[in-house]
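Read off the chains here:
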Amino acid sequence: MGRKMTETKSLLKVENLTTVFSGFKALDDVSLELFEGQALGLVGPNGSGKTTLVNTVCGLYKPENGRVILDGIDVTGKQPHYLARAGINRTFQIPKPFKDLSVSENVLVSSIHSKNKVSITEVLEKVKLRDCANYPIEKLTAAQQKRLDLARALALDPKVIFVDELAAGLTPTELNEIAEMLAEFRRSGIALIVVEHLLGFLEQVVESVFVLSAGKKIFGGTLRDALSDEEVKRVFLGGADVA
Amino acid sequence: MPKLDEIDRTLETESKGKRLISPAVAALVPVVVFAVGVHIYSNELLLTYMAIYIALAQGINIIYGFTGYLPFGYFGFFGVGAYASGLAMLDYNVPPVLAVVIGGVAAALVGALLLPLFRLRGAYFAIGTLAASEAIYAIVSNPSLQSITNGPYGLNLAAYYSSGTAYGTAIALAAIAILAASYVRSSKFGLTLKAIRDDSYSASMSGVNVPRQRFYAWLIAAAIAGMGGSIFGWSTSVFYPQAVFDSSLSVLAIVFALFGGVGTVWGPTVGTVVLYAIYNAIGVSNPQYFQLIYGLVIVLLVLFAPRGLAGLRQIKSRRATTVGAKND
Ligand SMILES: Nc1ncnc2c1ncn2[C@@H]1O[C@H](COP(=O)(O)OP(=O)(O)OP(=O)(O)O)[C@@H](O)[C@H]1O
Ligand SMILES: [Mg+2]
């Protein structure tokens, strides 16, 4: 409405989000905005609240305070399945496939419950699992299981995907492959929030980052600026994370 | 635009093929065996009970095999069905077969009321359902409700007794339960339940409304037990509340299902026929030992052979596929 065509659309707005675990603020008044096709890196030391942010926006935890707006609609506190159908999805730090189902059946579950039907073949092709369609899960490598998480998300025709620690444990070739996939997702308009410790990988897939420390936002801007920011340096000091 | 590609089409046709032929066979074979069997082995009442147990074992199959929730209190639905159908006959003169359907609906309604039990997990759920069923038993058999339920004195349905029809209805129920289980197994609904059983949060991120899907499975299982209880009451014709609200009903149905193999269509049928026959050959004279033995069998099966008889076969075929896969 009244927007210029050149302006990209805001897909996700997180406003003053606070999540409390028995008195402990794991997420403290965090706000961020994400636009169509944008990729935002989410970094911070261990226990700074990255996964909690993902879990709260994806409906696993109810926020104590704040709002989540998806494509103009307030979805705060909605159930995970509602959010998944509305277009928020995620991958898991440790992949969570349905282990008794085949690869294609894993994707079929998402496709059955998707608002917009997506071709399973196409989805599997996008994550390079087309040839493994009939494999049982235990035949997949760790990297393939991570891509299956992505495939399940894609089958729900998502607007935003949270990618939690995708790079850990992958070989450089696998990393390049995934980075290329994520770039392709962005070109199709999907916005990404990439939780990552590996800065080299982050550099490949995002241009801006969001830094959390003890549940609070301490920096927002380009990755390059983040690396020279005094507070960011102090928070990471001594940590193996930046190396 | 939604276009069906190769894999999508395979997934569609695979489940369609399974949906039509194998369920028909799985349901028809027992029907024929029961129809012929009664001319060979003339204890019709025992065969009626066996058919009812097949239905109960399939009900356990649907709720435990596909959702992972083990309801020790499953007998509660059985009792509710027996009473709802019995009272429908006695108080409103409803024809028995229709009363059986009413018994199923009543059990499903009670199932809906018990939905909050799904907040419990594992053993807590099992015990929660047990407590709920004992509570229903206490209410139904309470002397102060004698004007409605005849309290502790049970129901007398002798006026509606008709051995052939009751037997036929029991066979039909067994067939319906088998068809229900095979529908659950090969449908998108069943695929969704399996996904929930594997990882419920992951399933919800796949867009699955987890509580609702579980609820549907629960209702189907409850209705089957309710109809089973109805036919039991009708064919037994005189029963006391403790006979239809009997925890050993759950124990037996669970043992039969686990022994044959939950998550399969044939397992619970085969498990019932084998173990119920053994139970009647030697168990009826010492029922207390049998409950103990079958209780132990449940524990051992859950711990060491969660897939039952069917699991032994699957392990073999899985080995074969893994070997085959290495070559491609
Ligand atoms: N379910 C929970 N209950 C209680 N405390 C929790 C829960 N989940 C996370 N926390 C706490 O909240 C804080 C943030 O944890 P979180 O997992 O979000 O960190 P993270 O940034 O993802 O860390 P990592 O880099 O190790 O993945 C930690 O102190 C953690 O112990
Ligand atoms: Mg984390």
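Numbers given for residues are sequential positions, taken from 1 along each chain in its written order. For naming, the first written chain is A and the first written ligand is 1, with later ones following in the order written. Note on the predicted model: pLDDT of at least 70 is required for a residue's local features to be given, and 80 or more for side-chain atom pairs to be given and counted; whole-chain, interface and lining totals, by contrast, use all residues. Side-chain figures throughout are based on the complete set of non-hydrogen atoms in the structure, without hydrogens or water.

**Comments concerning the interface of chain B and chain A**
This is how the line gets drawn: Contacts are residue-level and defined by heavy atoms, with any inter-residue pair within 4.5 Å sufficient. Buried area: the accessible area, evaluated with a 1.4 Å probe, that two parts lose upon being put together, summed over both parts. Salt bridges are defined as contacts in which a side-chain nitrogen from Lys or Arg sits within 4 Å of a carboxyl oxygen from Asp or Glu. Here a polar contact is recorded for every N or O atom pair within 3.5 Å, except that within protein the pair must consist of a potential hydrogen donor and a potential acceptor, and residues adjacent in sequence are included only if both atoms are side-chain atoms. Per the convention used, a helix needs a DSSP run of H or I reaching at least four residues, while a strand needs a run of E reaching at least two, with both numbered from the N terminus. Classification convention: Asp, Glu, Lys, Arg as charged; Ala, Val, Leu, Ile, Met, Phe, Trp, Tyr, Cys, Pro as nonpolar; all other residues, Gly among them, as polar.
Contacts between the two partners involve 29 residues from chain B, matched on the other side by 37 residues from chain A. With both chains or domains summed, chain B and chain A bury close to 2800 Å², and 58% of this area falls on carbon and sulfur atoms. Between the two partners, chain B and chain A, sit three salt bridges. Note that Asp199(B) and Lys96(A) form a salt bridge whose closest N and O atoms lie 3.1 Å from each other. Linking chain B with chain A are 13 residue pairs in polar contact (both at pLDDT 80 or more), by the criterion used here. No other element matches helix α8 (residues 188-198) of chain B, which puts seven residues into the side of chain B that touches chain A. The residue makeup of the side of chain B that touches chain A, split by class, is ten nonpolar, seven polar and twelve charged.

**With respect to the coordination of the magnesium ion (ligand 2)**
Residue and element names in this part refer to chain A. Here is the rule we go by: A donor here means an N, O or S atom no more than 2.8 Å from the metal, or no more than 3.2 Å when the metal is Na, K or Ca. Since water is not included, a site may seem to lack partners. Partly exposed describes any residue whose relative accessible area lies between the buried limit of under 20% and the exposed limit of over 50%, with all areas from a 1.4 Å probe on protein chains only and scaled to the type maximum.
Thr-51 (OG1) and Gln-93 (OE1) make up the full set of protein donors to the magnesium ion (ligand 2), lying at 1.9 to 2.7 Å. With a gap of 42 residues between them, Thr-51 in helix α1 (residues 50-57) and Gln-93 in the loop between β6 (88-90) and α3 (103-112) connect regions that are remote in the sequence. Residue classification places Thr-51 among the partly exposed positions, given a relative accessible area of 26%.

**Observations concerning the sheet that holds strand β4 (residues 65-70) of chain A**
In sheet architecture, strand pairing relies on hydrogen bonds along the backbone and comes in two forms, parallel and antiparallel. Residues and elements named next belong to chain A. Rule in force here: Pairs of strands are assigned from DSSP output, requiring at least two bridges between the strands. With axes taken as lines fitted to C-alpha atoms, and helix axes fitted only over the stretch in contact, angles between N-to-C directions fall between 0 and 180 degrees.
Taken in spatial order, the four strands make up an open sheet running β2-β1-β4-β5, and their pairing is antiparallel. Single-partner strands in this sheet number two, and they are β2 (24-35) and β5 (73-74). Where α1 meets the sheet, its contacts fall on β1 (10-21), β2 and β4, and the angle it forms with β1 comes to roughly 115°.

**Things to note about the pairing of β2(A)**
Residue and element names in this part refer to chain A. Note: β1 against β2, eight bridges, orientation antiparallel. Its bridge partner lying in β2, Ser-10 is registered against Phe-35. Counted between consecutive antiparallel strands, the loop separating β1 from β2 contains two residues, among which Ser-22 sits at a positive phi close to 35°.

**Notes on the domain arrangement of chain A**
All names here are of chain A. Where we set the bar: Where each domain begins and ends is defined by an automated method or by a domain database.
In terms of domain boundaries, chain A breaks down into domain 1 (5-87 + 158-237) and domain 2 (97-156). In this structure, domain 1 and domain 2 have C-alpha centres spaced 23 Å apart. Counting residues at the interface gives 17 residues for domain 1 and twelve residues for domain 2. Approximately 1300 Å² of surface area, both sides summed, lies buried where domain 1 meets domain 2, with 70% of it carried by carbon and sulfur atoms. Of all residues in domain 1, Arg-85, Met-181 and Phe-185 give up the largest surface area on contact with domain 2, accounting jointly for 39% of the area buried on that side. At the junction of domain 1 with domain 2, the criterion picks out one salt bridge. Put simply, Arg-147 and Glu-177 hold a salt bridge, and the shortest N to O gap is 3.2 Å.

**Some details on the pattern of salt bridges**
Residues and elements named next belong to chain A. For the coordinates displayed, the defined rule picks out 17 salt bridges over all chains. Two residues, Asp-71 and Lys-9, come together in a salt bridge whose shortest N-O distance is 3.5 Å. One end of the pair, Asp-71, is in the loop between β4 and β5; the other, Lys-9, is in the segment before β1, with 62 residues separating them in the sequence. Between Asp-28 and Lys-216 there is a salt bridge, and its shortest N-O distance comes to 3.0 Å. Of this pair, Asp-28 sits in strand β2 while Lys-216 sits in strand β10 (residues 216-222), placing them 188 residues apart in sequence. Among the ionic contacts, a cluster of salt bridges with common partners joins Lys-9, Asp-71 and Lys-159.

**A closer look at the confidence of the model for chain B**
All names here are of chain B. Formally: Note on scores: pLDDT gives the predictor's confidence for each residue, bounded by 0 and 100.
Predicted confidence across chain B gives a mean pLDDT of 87, with 88% of residues reaching 70 or more. Mean pLDDT in chain B bottoms out at helix α15 (residues 308-326), which sits at 54, and peaks at helix α3 (residues 75-92), which reaches 98. A low-confidence stretch, residues 318-328 (pLDDT under 50), is modelled with four contacts involving residues beyond four sequence positions or located in other chains. If you check the scores for this complex, the pTM reads 0.86 and the ipTM reads 0.90.

**Here's the deal with the sheet that holds strand β7 (residues 160-164) of chain A**
All names here are of chain A. The strand order across the open sheet formed by six strands is β6-β7-β8-β3-β9-β10, and the pairing between neighbours is mixed. Because the sheet does not close on itself, it has two edges, and the strands there are β6 and β10. Strand-to-strand twist of the sheet, defined as the mean angle between neighbouring strand axes without regard to direction, takes the value 20°. In terms of strand pairing, strand β3 (residues 39-43) meets strand β9 (residues 208-213) through four bridges, oriented parallel. The residue bridging Leu-42 from the neighbouring strand is Phe-210, located in β9.

**Remarks on the side chain of Arg152(A)**
Mapped onto the fold, Arg152(A) is located in helix α5 (residues 142-154). At 2.7 Å, the side chain of Arg152(A) forms a polar contact with the side chain of Ser202(B). At 3.4 Å, the side chain of Arg152(A) and the side chain of Ser206(B) are in polar contact. With sequence-adjacent residues up to four places away left out, Arg152(A) is seen in contact with Lys96(A), Pro97(A), Phe98(A), Asn106(A), Val107(A), Ser110(A), Ser202(B) and Ser206(B).

**Overview of unusual backbone geometry**
Residue and element names in this part refer to chain A. A positive phi angle, close to 35°, is found at Ser-22, a residue other than glycine. Within the secondary structure, Ser-22 is located in the loop between β1 and β2. Of note in the backbone geometry, Asp-157 takes a positive phi value of approximately 50° without being a glycine. Assignment of secondary structure puts Asp-157 in the loop between α5 and β7. Classification of Asp-157 by relative accessible area gives partly exposed; the value is 38%.

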